[in-house]
Amino acid sequence: MMKMQRLFMALLLLAMCTACKQEENSNPKADVVKKEETSAPIVEKNIYPLTGLPSDEKVEQRAFAVMINNHPAARPQSGLHQADLVYEVLSEGNITRFLAVYQSNQPRVIGPVRSAREYYVDLSTGFDAVFISHGWSPQAKETLEKGKHDYLNGLFYDGTLFWRAPFRKAPHNSYISAENIKEGADLNGMNLSKQPKPLPFTGAKEAAEGDSGLEAIVRYDQSDVWNSVYKYDIQTEKYLRYSNNEQTKDLETGDAIAVDNLFIAEMNHQTIDDYGRRAIDLTSGGKGILLQKGVSLQVEWRNIDGRILPYISGEPVGFVPGKTWINIVPALENHVSLH
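A few points on the structure. (Residues numbered from 1 in each chain as written. Predicted model: local features only at pLDDT ≥ 70, side-chain atom pairs only at ≥ 80, totals over all residues. Heavy atoms only, no water.)

A few words on the overall build of the protein. What the protein contains, in helices and strands, is 7 helices and 24 strands. Sorting the 339 residues of the protein into buried and exposed places 49% on the buried side. A fraction of 62% describes how many contacts in the protein between residues 6 or more apart in sequence connect residues 24 or more apart. Taken as a whole, the protein presents about 17600 Å² of accessible surface, with 52% of it coming from carbon and sulfur. (Helix = DSSP H or I, 4+ residues; strand = E, 2+ residues; numbered from the N terminus. Buried < 20%, exposed > 50% of the residue type's maximum accessible area, 1.4 Å probe, protein only. Contact = heavy atoms within 4.5 Å. Areas by Shrake-Rupley, 256 points an atom, 1.4 Å probe, with all protein chains shown as cover.)

Set out below in structure tokens:
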């Protein structure tokens, strides 16, 4: 009788343990805990804000914007191919200059550096960039000396932060480096750790559907000397730049300018002095053309917090991750042709 009672108690205990085990396995909270224990940790990607491309390191570098000479005596330029974003704009007469914005790359040689215009300074504010020039127009001088911009001017650092290349004549021979910009920023107590806000990007999506955009010619003058030609390379899915019938390449490395986004914006220009200097309306918005991956889109441009960005029907159009060039012209129909 005692054996029977012990056997009964053992079976009862076994049944209770089995029931508890089944209840634990069916418990949704237990499932959540297990999933949390076995799932991989979420890793945030480091992305360069002005290219949309991944970085192996945490991105904490402030942008700097450099005035780069585009006179034939200044070609080929140095470090221009490493800029995240470049504006090409008329500076005086039919002469254009570049405002090259750097953040993801820190070039060893940048230049030739040239004098500033106030609208280049205004364009740099959209990236909270340290502004770099060698010289300035009266309007740019007034704008910079108001104290709202961090800047370095070669007029005050010629032979120290800036150096002169012996193989070119002034004013086409002033150069600087990212290292010297950082040194100058430290000397003047500038904060270099605040990175710019990200540009809008499409992610991994293809460019939007539009018309064929395999070649764009941007004319600043009747002569080929001042024209910018962009030809789409199907293999790399980038636009290669040409000027005066020569491909634009880096002086030191021979690397070609390769552009992922070509944005052409029409803005009102006015001549303001006998030198042919301009005033340009950067704020009113207007017509534009955006070329990505061999496709051209008719867009409008808007100035959003100091940045010139493309829109369609009131909605923003994202850039393809990579490098962006923005050509500003007085009128699309007179200055731009697409093929």
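With that settled, the discussion passes to the environment of E92. As for its placement among the helices and strands, E92 is situated in strand β4 (residues 85–92). With 186 residues separating them in the primary sequence, E92 and R278 have C-alpha atoms 6.4 Å apart. Once you skip the residues sitting within four places of it in the chain, E92 turns out to touch R97, R117, Y275, G276 and R277.

Time to look at the side chain of T96. Tracing the backbone through its elements, the reader meets T96 in strand β5 (residues 95–102). Taking relative accessible area as the criterion, T96 reaches 0% and is therefore assigned buried. Within the structure, T96 has its side chain in polar contact with the side chain of N70 (distance 2.8 Å). Separated by 2.9 Å, the side chains of T96 and E88 make a polar contact. Apart from the residues lying within four places of it in its own chain, the contact partners of T96 are N70, E88, V89, L90, S91, Y220 and W226. (Polar contact = N/O pair within 3.5 Å; in protein donor to acceptor, adjacent residues only side chain to side chain.)

We now examine the pairing of strand β13 (residues 238–243). Pairing between strand β12 (residues 228–233) and β13: 6 bridges, direction antiparallel. The residue bridging S228 from the neighbouring strand is S243, located in β13. The antiparallel hairpin formed by β12 and β13 contains 4 residues in its connecting segment, where E237 sits at a positive phi of about 60 degrees. Across 2 bridges, β13 lies against strand β15 (residues 258–259) in antiparallel orientation. When the bridges of β15 are listed, L240 appears paired with A258. (Pairing = 2+ DSSP bridges.)

Following the sequence through the fold, G314 ends up in the loop between β21 (307–312) and β22 (315–316). In this view, G314 contacts E300 and R302; residues no more than four positions away in its chain are not counted.

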